[in-house]
Amino acid sequence: MNKTVVVEDLGLKDYKETWDFQEKVFQEIVDIKSNNRKNNTDVVTPNYFYFVEHPHVYTLGKSGDLSNLLLSEAQLAEKGATFYKINRGGDITYHGPGQIVGYPILDLENFFTDIHKYLRLLEEAIILTLADYGLKAERSEGETGVWLGVGTPFARKICALGVRASRWVTMHGFALNVNSNLGYFDNIIPCGIRGKAVASLNVELGVEKVDEEEVKAKILKYFAQLFEAELVQK
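In this text the structure is predicted, and so the values were computed from the model without any measurement.

A word on the side chain of His 172
Then step 1. The topology assignment puts His 172 in strand S10 (residues 169-177).
Then step 2. A polar side-chain atom of His 172 sits 2.8 Å from a polar atom in the side chain of Asn 87.
Then step 3. Residues in contact with His 172, not counting those within four places in the same chain, are Tyr 15, Trp 19, Gln 22, Ile 86, Asn 87, Arg 88, Gly 102, Tyr 103, Pro 104, Gly 162, Val 163 and Arg 164.

Below you can see the structure in the form of structure tokens.
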């Protein structure tokens with residue numbers, strides 16, 4: 001088992017370009033596992049954790065409903081946004097500047113073979129990070145992601161999750177609103193859930209801008225603890 005995770009920050013990167021990059025890394029790990037089984041070898045599989053920030057984009061999961069996108073192609077262009085239907089779970093979400101997106105590409109056989117546990121630990125890393133800022137973040141029953149104000153009329157989602165896994169290899173991940181322009185969420189029914197608002201860390205804290213590098217460092221700290229991983233910065 002290899003619990004070393006290589007961490008890399010890709011910076012601001014086009015969504016499709018990043019998706020293609022993820023697919024390449026994902027397939028390389030799957031191929032190693034296939035060759036191991038075929039040749040009865042035991043080559044160690046790598047693990048990666050990529051941070052990225054995307055230009056304005058809406059993505060729809062494989063089981064999502066296109067009607068949850070409230071913009072036409074022309075309106076998307078007016079807002080400088082793009083749209084992709086992709087191969088993760090979940091419905092529609094938004095990515096854009098000021099949002100921390102994390103893409104762990106892990107061989108879960110290096111950690112544990114439980115997708116439910118994987119999702120819950122990703123959520124827990126975000127919950128613990130937000131607790132460092134004095135926020136009580138929680139799970140909302142039946143709704144993947146991390147929420148504030150659960151059980152109140154003011155429930156709002158601050159972090160979305162959507163993953164794909166094959167042969168216990170993961171891709172896609174989470175999107176945490178840190179300094180996000182929440183107006184872009186008005187153009188969708190976020191995650192297909194009507195009547196629920198979205199939140200951003202800077203708004204919750206009443207500040208103009210939160211240090212995103214500090215937030216990333218906290219996420220990695222808790223990710224390493226929860227997954228009992230050794231992180232190596234690239």
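Here we look at helix H1 (residues 15-39)
Then step 1. Compared with an ideal rise of 1.5 Å per residue, which puts 25 residues at 36 Å, H1 spans 36 Å between its outermost C-alpha atoms and is within 8% of the ideal.
Then step 2. Those residues of H1 lying buried are Tyr 15, Thr 18, Trp 19, Gln 22, Val 25, Phe 26, Ile 29, Val 30, Lys 33 and Asn 36.
Then step 3. Regarding H1, its N-cap is Asp 14, as a side-chain oxygen of that residue lies 3.1 Å from the backbone nitrogen of Lys 16 further along.

Focus on the packing of aromatic side chains
Then step 1. Overall, the coordinates contain 14 aromatic pairs when judged by the stated rule.
Then step 2. Feature note: the residues Phe 49, Phe 51, Phe 111, Phe 112, Tyr 118, Phe 174, Phe 223 and Phe 227 constitute an aromatic cluster, connected by ring pairs.
Then step 3. Directly above the ring of Phe 112 sits Lys 117, whose terminal nitrogen or CZ lies 4.5 Å from the centroid.
Then step 4. In this structure, Lys 218 is placed above the aromatic ring of Tyr 133, and the distance from its NZ or CZ to the ring centre is 5.6 Å.

A look at the pairing of S10
Then step 1. The buried fraction of S10 is high, at nine of nine residues.
Then step 2. Pairing geometry for strand S9 (residues 156-166) and S10, over eight bridges, is antiparallel. Across the sheet, residue Gly 162 finds its bridge partner in S10, namely Gly 173.
Then step 3. Between S9 and S10, which pair antiparallel and follow one another directly, the connecting turn spans two residues, one of which, Arg 167, has a positive phi of 55 degrees.

Regarding the sheet that holds strand S3 (residues 57-60)
Then step 1. The strand order across the open sheet built from three strands is S4-S3-S5, with neighbouring strands paired in mixed fashion. Strands with a single pairing partner mark the edges of an open sheet, and in this sheet they are strand S4 (82-85) and strand S5 (92-95). Strand-to-strand twist of the sheet, defined as the mean angle between neighbouring strand axes without regard to direction, takes the value 20 degrees.
Then step 2. Pairing of S3 with S4 involves four bridges; the strand directions are parallel. By the bridge assignment, Leu 60 is partnered in S4 with Lys 85.

Let's talk about unusual backbone geometry
Then step 1. In this structure, Asn 40 is a non-glycine residue whose phi angle is positive, near 55 degrees.
Then step 2. Here Asn 40 lies in the loop between H1 and strand S2 (48-53).
Then step 3. Exposure remark for Asn 40: the relative accessible area of 72% places this residue in the exposed category.
Then step 4. Residues other than glycine seldom take positive phi values, yet His 172 does so here, at roughly 60 degrees.

Focus: the pattern of salt bridges
Then step 1. Under the counting rule described, the total for this entry stands at 17 salt bridges.
Then step 2. Salt-bridge contacts for Lys 24 lead to Glu 28; the nearest nitrogen and oxygen are separated by 2.9 Å. One end of the pair, Lys 24, and the other, Glu 28, are both in helix H1, four residues apart, so they sit about a helical turn from each other.
Then step 3. In this structure, the salt-bridge partner of Glu 124 is Arg 139, at a minimum N-O distance of 2.9 Å. Here the residue Glu 124 occupies a position in helix H3 (residues 115-131), and Arg 139 occupies one in strand S7 (residues 137-140), the gap between them amounting to 15 residues.
Then step 4. For Glu 124, a relative accessible area of 23% puts it in the partly exposed group.
Then step 5. Assessed through its relative accessible area of 34%, Arg 139 is described here as partly exposed.

Thresholds applied
- Numbers given for residues are sequential positions, taken from 1 along each chain in its written order.
- Residues qualify for local features only when their pLDDT is at least 70, as the model is predicted, and side-chain atom pairs are given and counted only at 80 or more; totals for whole chains, interfaces and linings, by contrast, use all residues.
- Water and hydrogen atoms play no part in the side-chain values, which are based on all heavy atoms of the structure.
- Per the convention used, a helix needs a DSSP run of H or I reaching at least four residues, while a strand needs a run of E reaching at least two, with both numbered from the N terminus.
- Pairs of N or O atoms are called polar contacts if they sit within 3.5 Å, as long as, within protein, a hydrogen donor faces a hydrogen acceptor (for residues adjacent in sequence, only side-chain-to-side-chain pairs).
- Contact criterion: two residues are considered in contact whenever any of their non-hydrogen atoms come within 4.5 Å of each other.
- Every helix has an expected span of 1.5 Å times one less than the residues it contains.
- Type-normalised accessible area, obtained with a 1.4 Å probe on protein chains alone, sets the label of each residue: buried when under 20%, exposed when over 50%, and partly exposed for intermediate values.
- The pairing test for Phe, Tyr and Trp rings, Trp by its six-membered ring, is centres within 6.5 Å, and the orientation test on the planes gives stacked under 30 degrees, edge-to-face over 60, and tilted for anything in between.
- In this analysis the charged atom, NZ for Lys or CZ for Arg, is taken to sit over a ring once it is within 6 Å of the ring centre and within 35 degrees of the ring normal.
- Here, strands pair whenever DSSP counts at least two bridges between them.
- Note on geometry: axes are C-alpha line fits, over the in-contact stretch for helices, and angles between N-to-C directions span 0 to 180 degrees.
- Any Lys or Arg side-chain nitrogen found within 4 Å of a carboxyl oxygen on Asp or Glu counts as a salt bridge.

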